[in-house]
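Residue strings, one per chain:
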Amino acid sequence: NFNCSSNLLPVIDPDIGSNSETNGVFAGHPYLQNGRTYLFFGAWGGEGEGYKLKLAYSDNLVDWSRCSNGFLPGGDGPFPLAVNNDLYLFFHQSDSSGIKLAKTTLPLSCSSEFVDQGYLLVRDQTYDVHHLIFPSVISDINGLKLYYSGLGSDNRWRLNLACEGQACPMPTVTP
């Protein structure tokens, strides 16, 4: 039931009164908790601000309130994943250095503190040597599968797959 209307409106507009959003907001990803929707999104600020992740929330998907502070400087392309009592946030670094992971304890709130867990992937393959962006994670019986886009040595973007603690299984194609 996607809305294909040409009358779509932005969920979050840049806050032009905030130096942390003067160059734009982007790459939103929702997280639903107890009827409230949280929206992780990237912000690109003016002088001295750079990129960072931010958080907003809504109880009706129309009116959004921003949490007061940005977090994870340099972060972009957030993807949240809840596991037991923890929320993991996969994201890429805007400086092209790789895909990182941060963690907080649930329940999520504006005062949640995300602890940087370090890099999961760095630019070390010919197919992602220039940039790794926009991680998305799927959990199945074989563990976590992390999909991301990578800019290769040939300057072509590719959709890539990394698997938790193992080689990723290749799909079986039957003619």
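Refer to the structure presented above.
These notes cover the structure that comes with them. Sequence positions are assigned chain by chain, starting from 1 and proceeding in written order. Selection of residues for local features in this predicted model requires a pLDDT of at least 70, selection of side-chain atom pairs for listing and counting requires 80 or more, and totals for whole chains, interfaces and linings are taken over all residues. For the side-chain quantities, the full set of heavy atoms in the structure was used; hydrogens and water were omitted.

1. Topic: the environment of Pro-80
- Starting at the N terminus, helices and strands are each numbered in turn, a helix being any DSSP run of H or I of at least four residues and a strand any DSSP run of E of at least two. Of note, Pro-80 is situated in strand E6 (residues 75–83).
- Think of it in three bands: residues with accessible area under 20% of the maximum for their type are buried, residues over 50% are exposed, and the middle band is partly exposed, with areas taken using a 1.4 Å probe on protein chains only. Residue classification places Pro-80 among the buried positions, given a relative accessible area of 8%.
- Spatially, the C-alpha atom of Pro-80 lies 15 Å from that of Arg-36, the residues being 44 residues apart in sequence.
- Any two residues having at least one pair of non-hydrogen atoms within 4.5 Å are treated as being in contact. In this structure Pro-80 touches His-29, Pro-30, Tyr-31, Phe-40, Leu-87, Tyr-88 and Leu-89, once residues within four positions along its chain are discounted.

2. Some words on the pairing of strand E2 (residues 36–44)
- Counting buried residues along E2, seven of its nine residues qualify, which places the element largely inside the surrounding structure.
- Note: strand E1 (residues 24–33) against E2, eight bridges, orientation antiparallel. When the sheet's bridge partners are listed, Tyr-31 is paired in E2 with Tyr-38.
- Connecting the antiparallel pair E1 and E2 is a turn made up of two residues, with Asn-34 showing a positive phi of about 50°.
- As defined by bridge partners, E2 adjoins strand E3 (residues 51–58) across eight bridges and the pair is classed as antiparallel. Paired with Thr-37 across the two strands is Ser-58, which belongs to E3. The criterion for strand pairing is that DSSP finds at least two bridges linking the strands in question.

3. With respect to the side chain of Lys-145
- Structurally, the position occupied by Lys-145 is in strand E11 (residues 143–151).
- Lys-145 sits in the buried class, given a relative accessible area of 10%.
- Leave out the neighbours within four places in its chain, and Lys-145 touches Ser-136, Val-137, Ile-138, Asp-140, Leu-161, Ala-162 and Cys-163.

4. Points about the packing of aromatic side chains
- For Phe, Tyr and Trp, rings pair up if their centres lie within 6.5 Å, where Trp contributes its six-membered ring, and each pair is then called stacked (planes under 30 degrees apart), edge-to-face (over 60) or tilted (otherwise). On inspection of all chains with the given rule, the structure shows six aromatic pairs.
- Considering the side-chain rings of Tyr-38 and Tyr-57, the 6.2 Å spacing of their centres and the 50° angle between planes classify their relative orientation as tilted. Taken together, the residues Tyr-38 in strand E2 and Tyr-57 in strand E3 connect sequence positions 19 residues apart.
- According to the relative accessible area criterion, Tyr-57 is partly exposed, its value standing at 22%.
- For the pair Phe-71 and Phe-114, a centre-to-centre distance of 4.9 Å together with 10° between the ring planes defines the contact as stacked.

5. Re the sheet that holds strand E10 (residues 131–140)
- Pairing is antiparallel in the open sheet, where three strands are placed in the order E10-E11-E12. The open sheet has two free edges, formed respectively by E10 and strand E12 (157–163), since each of these has just one partner strand. On average, each strand axis in the sheet is tilted by 20° relative to the strand beside it, whichever way the strands run.
- Looking at chain direction, E11 and E12 are connected through seven bridges and run antiparallel. Counterpart to Gly-150 in the pairing with E12 is Arg-158. Each axis is a line fitted through C-alpha atoms, and for a helix only the stretch in contact is used; angles between axes span 0 to 180 degrees, taken between their N-to-C directions.

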